[in-house]
Amino acid sequence: MIRAAPIGFLLLTITIAATPVRGQPVPEDELPPHPPAYEPNRFDEDWSMMRDPSRRVDWSDELKYLPLAKREGWYASLGGEVRPFYERYINEQWGSQPQDLSGYLLNRIMPHADVHFGERVRFFGQLNSSIEAGRRGGPRPMIDEDILDVNQAFVDIIWPFDSERSVTLRPGRQELAYGTGRIISSREGKNVRQSFDAGKLMLRMRSWKADGFLARPIETNRGVLDDREISGQTFWGVYSMRPDSVLTIDLYYLGLDRQDAIFDQGQGDELRHTIGIRLSGEWGPWDYNPEFIYQFGSFDRDNIRAWGIAFEAGYTLQRMLWQPRLGLRADAASGDRDPDDPDLETFYPLFPRGAYFGQLASVGPLNLLDVHPSIGLSLPNGISLTANWVFFWRQSIDDGLYSVPGALLRTGQQSRARFIGHQPGFDIRWRINRHTEPAFSFGRFLTGRFLRETPPGKNTTFLAAWVTYTF
């Protein structure tokens with residue numbers, strides 16, 4: 001039986017958030033312009049237009065421009081997110097985890113302050129409180145619980161050349177997120193997001209944007225203000241982008257130095273260099289997003305040679321009811337070809353997004369081939385529905401199976417089977433208003449020959465329901 005408390009809390013949150021605030025109706029021609037949308041990375045938001053009271057729509061806009069010291073351009077902007085999240089697995093990780101019969105609650109609260117001291121100096125601070133309740137076996141490491149900690153605290157020092165060109169230095173704790181999160185992300189989808197202690201230099205030009213950074217990833221600890229840098233890991237790189245509506249080009253180089261990295265090949269110190277190119281955009285009813293990645297370096301004093309290819313395209317039937325989007329995604333990530341050869345060919349995704357193949361993220365993009373058809377519908381009243389079916393194979397039958405963060409789940413030495421399994425599922429989201437979005441996700445992982453030959457190999461069922469309230 002599903003635990004009543006988590007479900008009741010979710011329903012109460014939806015009810016309160018969806019209840020309109022009653023007042024005098026405003027004529028349509030007197031409504032102010034729409035405020036900007038909330039960004040996935042809240043530090044990307046610009047609320048300077050809220051200096052004009054006529055631009056404010058509701059109570060939250062009153063928090064977006066709080067003048068400081070009566071000086072021009074000195075203001076604070078406050079905001080946050082509350083997200084209760086109910087989750088339940090049947091046979092988590094194909095039966096290798098303790099069976100949880102009633103599910104559990106993951107609750108996340110993330111307030112932030114964005115303080116501007118004129119056009120040249122800015123401070124952004126964000127706290128995170130992520131709590132797990134009711135999971136049999138307790139919270140999973142790194143992703144489920146962090147009672148209270150600093151998620152971000154950085155300073156921007158800005159040198160503007162003109163309206164389209166600037167250089168910004170950003171030292172401090174911060175999230176790093178680029179592209180669609182295939183290789184650098186804030187780990188959205190999980191209860192605790194990924195942040196870094198980093199120094200970043202950002203160059204903005206008329207046609208190009210380029211970031212260079214040197215960082216250490218942050219280790220999530222469950223207590224209060226106890227998160228620390230992960231010892232033995234250093235991350236650096238240059239990421240550039242030329243944005244365009246038809247064709248956006250991303251070019252990047254990334255370096256990662258890790259001690260005691262573990263693959264099916266063995267364990268050793270790893271120095272991995274990654275170069276890649278991503279192309280994305282829209283052309284009429286089409287959208288597309290391919291990415292090509294090559295990796296090289298050393299693993300335990302031997303060579304790394306790995307590659308990854310990601311392809312995604314969609315076609316929207318714009319004149320049909322509910323504007324169906326027919327999508328196809330396919331990924332290929334190299335695996336190690338020979339466990340007796342000291343060279344390593346396993347692709348490693350660095351810091352990928354949490355919900356990589358959906359909320360049910362059982363398999364990671366290492367030693368993997370997958371095909372992922374989908375259909376999306378834009379229903380009335382802000383409701384969207386996406387149904388998909390993912391099929392997974394091992395790229396190399398001499399390498400193992402890995403999780404999304406890259407942990408080895410199953411050795412590849414006990415089965416010659418290639419087919420891992422397939423995963424049908426669907427997601428429903430309801431945009432009630434600019435602040436409130438309830439969502440529901442269902443997935444089922446049906447095991448293939450490889451998992452059945454390396455037991456446990458039970459089919460997995462997953463469901464989740466959550467509400468995101470953003471202000």
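Every residue gets a number counted from 1 within its own chain, in the order that chain's sequence is written. Under the rules for a predicted model, residues below a pLDDT of 70 receive no local features and side-chain atom pairs below 80 are neither given nor counted, while totals for whole chains, interfaces and linings still include all residues. Hydrogens and waters are ignored; side-chain quantities use all the structure's heavy atoms.

Engineer: Sorry if this is basic, but what is going on with the overall build of the protein chain here?
Structural biologist: Labels follow the DSSP assignment, with helices taken as runs of H or I lasting at least four residues and strands as runs of E lasting at least two, numbered in each case from the N terminus. If you tally the helices and strands in the protein chain, you get two helices and 23 strands. In terms of overall size, the protein chain behaves like a compact globule, its C-alpha atoms giving a radius of gyration of 23 Å where 471 residues would be expected to give roughly 23 Å. Its C-alpha atoms give the protein chain principal-axis dimensions of about 70 × 55 × 50 Å. Exposure is judged per residue with a 1.4 Å probe applied to protein chains only, and the accessible area is read against the type maximum: over 50% gives exposed, under 20% gives buried, and values in between give partly exposed. Per-residue burial for the protein chain yields a buried fraction of 48% across its 471 residues. The contact criterion used throughout is that any non-hydrogen atoms of two residues lie within 4.5 Å. For the protein chain, the proportion of contacts with a sequence separation of at least 24, taken over those separated by at least 6, is 59%. Throughout, the Shrake-Rupley method with a 1.4 Å probe supplies accessible areas, and for residues the shown protein chains are the sole cover considered. With the model as given, the accessible surface of the protein chain reaches about 22,200 Å², and the carbon-plus-sulfur share is 60%. Under this rule, positive means Lys or Arg and negative means Asp or Glu; His and the chain ends count for nothing. In this description, the location of a charge corresponds to atom NZ of lysine, CZ of arginine, CG of aspartate or CD of glutamate. Across the protein chain, the centroid of the 53 positively charged side chains sits 3 Å from that of the 60 negatively charged ones. To get the radius of gyration, use the C-alpha atoms; to get the globule rule, take the number of residues to the power 0.38 and multiply by 2.2 Å.

Engineer: Is there a simple way to think about a negative patch on the surface in this case?
Structural biologist: For patches, a residue must show more than 30% relative accessible area and have no salt bridge; joins then use 9 Å for like charges and 5 Å for nonpolar side chains, namely Val, Leu, Ile, Met, Phe, Trp and Tyr. When a carboxyl oxygen of Asp or Glu is within 4 Å of a side-chain nitrogen of Lys or Arg, the pair counts as a salt bridge. On the surface, Asp-257, Asp-260, Asp-269 and Asp-300 cluster together to form a negatively charged patch. Checked against the element boundaries, Asp-300 lands in the loop between strand E14 (291–299) and strand E15 (302–316).

Engineer: Got a minute to help me understand the pairing of strand E10 (residues 233–242) in this structure?
Structural biologist: Both faces of the sheet carry side chains from a regular strand, because those side chains alternate between them. Two strands make a pair as long as DSSP finds a minimum of two bridges between them. The sheet contact formed by strand E8 (residues 209–219) and E10 spans seven bridges and is antiparallel. Within E10, the position partnered with Ala-210 by the bridge is Ser-240. Remark: five residues form the turn of the hairpin made by E10 and strand E11 (residues 248–263), two consecutive strands paired antiparallel.

Engineer: Sorry if this is basic, but what is going on with a nonpolar patch on the surface here?
Structural biologist: On the surface, a nonpolar cluster with roughly 560 Å² of combined accessible area is contributed by Leu-251, Ile-275, Ile-277, Phe-292, Tyr-294, Trp-307 and Ile-309. Elements supplying a minimum of two residues to the nonpolar patch: strand E12 (266–283), E14 and E15.

Engineer: Could you clarify how one ought to interpret the packing of aromatic side chains in this entry?
Structural biologist: Each pair of aromatic rings taken from Phe, Tyr and Trp, with Trp reduced to its six-membered ring, is defined by centres within 6.5 Å and is described as stacked if the planes are under 30 degrees apart, edge-to-face if over 60, and tilted in the remaining cases. The full count for this structure, using the stated rule, is 30 aromatic pairs. When the ring of Phe-426 is compared with that of Phe-440, the centres are 6.1 Å apart and the planes differ by 40°; the resulting orientation is tilted. Residue Phe-426 is found in strand E21 (residues 419–430), and its partner Phe-440 is found in strand E22 (residues 436–447); the two are separated by 14 residues along the sequence. The class of Phe-440 is partly exposed, set by a relative accessible area of 30%. Through a chain of ring-to-ring contacts, three or more aromatic side chains come together here, namely Tyr-178, Phe-196, Phe-213, Phe-235, Tyr-239, Tyr-252 and Phe-351. Throughout this description, the term charge over a ring refers to an Arg CZ or Lys NZ atom that lies within 6 Å of the ring centre and within 35 degrees of the ring normal. Over the ring of Trp-47 we find Lys-64, and its NZ or CZ is 4.9 Å from the ring centre. The ring centre of Tyr-348 lies 4.0 Å from the NZ or CZ of Arg-258, which sits over that ring.

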